[in-house]
Amino acid sequence: MRVPARDLTDDDRELIAYARRIVDTQSDGEDGVHTMGAAVRAADGAMYGGINVYHFLGGPCAELVALGHARASGARELSTIVAVGDGGRGPVGPCGRDRQVLFDYHPGIRVILPTPDGIRSVRITDLLPLASVWTPEGGTQPFDPSVFGRD
C-alpha cells in the first residue's frame, strides 16, 4: 500500500533541524534514556519541541511532549510534526499510540517520516486508514469517511 506523500518544504526542513538540535543537545549519549527529539509547527508558524521521557513504567514519547509544550504555550492548531532519533538516526515515524493521539487531536496534521521515496510528509489520516475518531466529549465516534478526504 502506498501512502500519498509530499516532498519536504523549507518549513519542513527547518522543523527537522529544530528537532535534531533538541535531541543532539539534550540526549544522554549511548547509555541515556533521552533518545528522541520532536518538533511541532503551529498554524501560525511557531515551533515547539520536546524530548522523550523514557521510564521502565512507560513514559511519553517526544512527539507527545512536543504536543504538550505547544498546548501549554497556547498553540491549538498544529500543521506538522517530526521526531528525530539521536546518534544521527534522522526522522522516524511515530509509534501507534502517538499516531492515534495525533489523529484524535489534530486530524489535519502532517507527519514527516521516512517513506520508500525518502523523507516526506504525509497526512495523519493516511497513517491510520479507516480509523474512528475519539473525542473527550463523546468517546469513540462512528466511522466517518469524510475524515479521510484528500487534499
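See the structure above.
About the cut-offs
- Residues numbered from 1 in each chain as written.
- Predicted model: local features only at pLDDT ≥ 70, side-chain atom pairs only at ≥ 80, totals over all residues.
- Heavy atoms only, no water.
- Helix = DSSP H or I, 4+ residues; strand = E, 2+ residues; numbered from the N terminus.
- Buried < 20%, exposed > 50% of the residue type's maximum accessible area, 1.4 Å probe, protein only.
- Core = buried A, V, L, I, M, F, W, Y, C linked by side-chain atoms within 4.5 Å.
- Phe/Tyr/Trp six-rings, centres within 6.5 Å; stacked < 30°, edge-to-face > 60°.
- Expected span 1.5 Å × (residues − 1).
- Arc of directions from axis to C-beta.
- Contact = heavy atoms within 4.5 Å.
- Polar contact = N/O pair within 3.5 Å; in protein donor to acceptor, adjacent residues only side chain to side chain.
- Pairing = 2+ DSSP bridges.

J.: What's the story with unusual backbone geometry in this structure? I'm lost.
T.: Phi is mostly negative for residues that are not glycine, and the peptide bonds are mostly trans. The backbone of Leu130 shows a phi angle near 65°, a positive value even though the residue is not glycine. Note on placement: Leu130 falls in the loop between helix H4 (124-127) and strand S7 (134-135). Overall, the relative accessible area of 66% leaves Leu130 in the exposed class.

J.: Looking at this model, I keep getting lost on the nonpolar core. Mind explaining?
T.: Generally speaking, soluble globular proteins have nonpolar side chains that are buried together. Grouped together as the largest cluster of nonpolar side chains are 25 residues, with contacts concentrated most on Val40, Leu78 and Val111. Mapped by element, the contributors of at least two residues to this core are strand S1 (36-42), helix H2 (62-72), strand S3 (78-85), helix H3 (96-105), strand S5 (110-115) and H4. With nine residues, the next largest nonpolar core counts Leu8, Ala19, Ala39 and Val82 among its residues.

J.: In this structure, what is going on with the packing of aromatic side chains? I would like to understand it.
T.: Two measures describe an aromatic ring pair: the distance that separates the ring centres and the angle between the ring planes. Evaluation of the coordinates by the stated rule reveals one aromatic pair. Centroid distance Tyr105 to Trp134: 6.0 Å. Interplanar angle 55°. Geometry classified as tilted. Within this pair, whereas Tyr105 is found in helix H3, its partner Trp134 is found in strand S7, the two being separated by 29 residues in sequence.

J.: Would you explain helix H1 (residues 10-26) in this entry?
T.: An α-helix turns once per 3.6 residues; consequently, residues spaced three or four apart project the same way. Helix length check: H1, at 17 residues, gives a terminal C-alpha distance of 24 Å against a target of 24 Å (1.5 Å per residue), a fit within 8%. When we look at burial in H1, the residues that qualify are Asp12, Leu15, Ile16, Ala19, Ile22 and Val23. In a view along the axis of H1, the buried residues occupy a sector of 120°, so they form one face of it. Exposed and facing more than 90 degrees away from the buried side of H1 are Asp10, Asp24 and Thr25. In the core, the buried residues of H1 are packed alongside S1, strand S2 (47-51), S3, strand S4 (90-92), S5 and strand S6 (118-123). For H1, the N-terminal cap is Thr9; the gap from its side-chain oxygen to the backbone nitrogen of Asp11 is 3.3 Å.

J.: What is the right way to look at the environment of Leu15 in this model?
T.: You can see Leu15 is positioned in helix H1. Filtering out sequence-adjacent residues up to four positions away, Leu15 remains in contact with Ala39, Val40, Arg41, Met47, Thr80, Ile81, Val82 and Ile112.

J.: Help me understand the pairing of S6, please; the structure alone is not making it clear to me.
T.: Moving residue by residue along a regular strand, the side chains alternate between the two faces of the sheet. In this sheet, S6 lies alongside S5 in antiparallel orientation, the contact comprising six bridges. Within S6, the position partnered with Leu113 by the bridge is Arg120. Hairpin geometry of S5 and S6 is characterised by an intervening segment of two residues between the two adjacent antiparallel strands.

J.: Explain the environment of Val23 to me, please; I cannot follow it from the model alone.
T.: Inspection of the secondary structure puts Val23 in helix H1. In this structure the C-alpha to C-alpha distance between Val23 and Arg13, which are ten residues apart in sequence, comes to 16 Å. When near neighbours in sequence (up to four residues on either side) are disregarded, Val23 contacts Thr35, Met36, Gly37, Ile51, Val84, Gly85 and Asp86.

J.: Before we go on, may I ask you to explain H3 in this structure?
T.: Three or more residues of H3 are buried, namely Asp98, Leu102, Phe103 and Asp104. Against H2, S3, S5, H4 and S7 lie the buried residues of H3.

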